[in-house]
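The chain contents come next:
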Amino acid sequence: MPFALFTASLFPLTSYLWKPNATKFAVTFALICLSYSVLFYKTKPIANAFNPDVKWPAIVKEYRNEGFKFYIYRPPDRQLFYSPDLFWVDFMAGPADRYFWDKDDLEKSLAKGEAIVLSDTASWRRLRHSGMISILAKDSYSSLIKIY
């Protein structure tokens, strides 16, 4: 809908630019304002349509309500070039119970009980955790892992 309105507003804009007058200006201005209003109204559904992690905060909330700890693992050697770095899920799910940069500290905490871990997939593979795990969600960069 927003794209159709912007396209439709090109015709009166072109007409106004060829031969300006107040009526053409008013129509063009109104259509462009309407187009931006619809675009701002539809921004969240458009952004969610292109976000592979849109359901992850609800998954985190569900497991936190069941008593799982929520950990985020961000080792210093993770790939950062063109990476989302887990920021959206981290922000939308709320603060983690604990953030980890060192794999030994993470392993000690995982041994204490049930948790869910948000990490980039490559760093999680390098960790080689030996406990029982279940991958709750995964995209091209990160994984949400349940630890039993």
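About the criteria used
Residues numbered from 1 in each chain as written. Predicted model: local features only at pLDDT ≥ 70, side-chain atom pairs only at ≥ 80, totals over all residues. Heavy atoms only, no water. Helix = DSSP H or I, 4+ residues; strand = E, 2+ residues; numbered from the N terminus. Rg over C-alpha atoms; globule rule 2.2 N^0.38 Å. Buried < 20%, exposed > 50% of the residue type's maximum accessible area, 1.4 Å probe, protein only. Areas by Shrake-Rupley, 256 points an atom, 1.4 Å probe, with all protein chains shown as cover. Lys, Arg positive; Asp, Glu negative; His and termini not counted. Charge placed at Lys NZ, Arg CZ, Asp CG, Glu CD. Axes fitted to C-alpha atoms, helices over the stretch in contact; angles between N-to-C directions. Parallel < 35°, antiparallel > 145°, perpendicular 65-115°, else oblique. Left-handed = near helix turned anticlockwise from the far one by under 90°. Contact = heavy atoms within 4.5 Å. Polar contact = N/O pair within 3.5 Å; in protein donor to acceptor, adjacent residues only side chain to side chain. Core = buried A, V, L, I, M, F, W, Y, C linked by side-chain atoms within 4.5 Å. Pairing = 2+ DSSP bridges.

Caption draft 1: A look at the overall build of the protein chain. In terms of helices and strands, the protein chain carries seven helices and five strands. In summary, the protein chain has a C-alpha radius of gyration of 24 Å against a globular reference of 15 Å for 148 residues, an excess of more than 25%. Along the first, second and third principal axes, the C-alpha set of the protein chain runs to 75 × 30 × 20 Å. Burial analysis of the protein chain (148 residues in total) assigns 36% to the buried set. Counting only carbon and sulfur atoms, one obtains 64% of the accessible surface of the protein chain, whose full area is about 9,700 Å². Across the protein chain, the centroid of the 19 positively charged side chains sits 9 Å from that of the 14 negatively charged ones.

Caption draft 2: Region of the structure containing the packing of helix 1 (residues 2-18) against helix 2 (residues 22-41). At a minimum axis distance of 9 Å, the contact between helix 1 and helix 2 shows a crossing angle of 165°. For the element pair helix 1 / helix 2, the angle class is roughly antiparallel. The crossing of helix 1 and helix 2 is left-handed. Here Pro2, Leu5, Phe6, Ala8, Ser9, Pro12, Leu13, Ser15 and Tyr16 of helix 1 lie close against helix 2, whose contacting residues are Lys24, Phe25, Val27, Thr28, Leu31, Ile32, Leu34, Ser35, Tyr36, Val38 and Leu39.

Caption draft 3: Quick look at unusual backbone geometry. Look at arginine 128: it is not a glycine, yet its phi comes out positive at around 55°. Structurally, the position occupied by arginine 128 is in the loop between helix 7 (121-127) and strand 4 (133-138). On the basis of relative accessibility, which here comes to 71%, the residue arginine 128 falls in the exposed class.

Caption draft 4: Focus on the side chain of threonine 28. Topologically, threonine 28 is positioned in helix 2. From its side chain, threonine 28 meets the backbone oxygen of proline 12 in a polar contact 3.2 Å long. Ignoring any residue separated from it by four or fewer positions in sequence, one finds threonine 28 in contact with Ser9, Pro12, Leu13 and Tyr16.

Caption draft 5: A look at the side chain of asparagine 51. Within the element layout of this structure, asparagine 51 appears in the loop between helix 3 (43-49) and helix 4 (56-65). A residue is classified by how much of its surface remains accessible, and asparagine 51, at 17% relative accessible area, is buried. At 2.9 Å, the side chain of asparagine 51 forms a polar contact with the backbone nitrogen of aspartate 53.

Caption draft 6: Main features of the nonpolar core. Core analysis: the largest hydrophobic core is formed by 14 residues, its most contacted members being Trp56, Val60, Phe70, Ile116, Leu118 and Leu144. For this core, the secondary structure elements donating two or more residues are helix 4, strand 1 (69-73), helix 5 (87-93) and strand 3 (115-120). Counting residues in hydrophobic clusters, the runner-up holds eleven residues, among them Tyr71, Tyr73, Leu106 and Ile147.

Caption draft 7: Looking closely at the pairing of strand 3. Among the six residues in strand 3, six count as buried, and that is most of the element. Strand direction decides the pairing type here: strand 1 and strand 3, joined by five bridges, are parallel. Pairing of isoleucine 72 across the sheet is with leucine 118, part of strand 3. Bridging between strand 3 and strand 5 (residues 142-147) involves six bridges; their strand directions are antiparallel.

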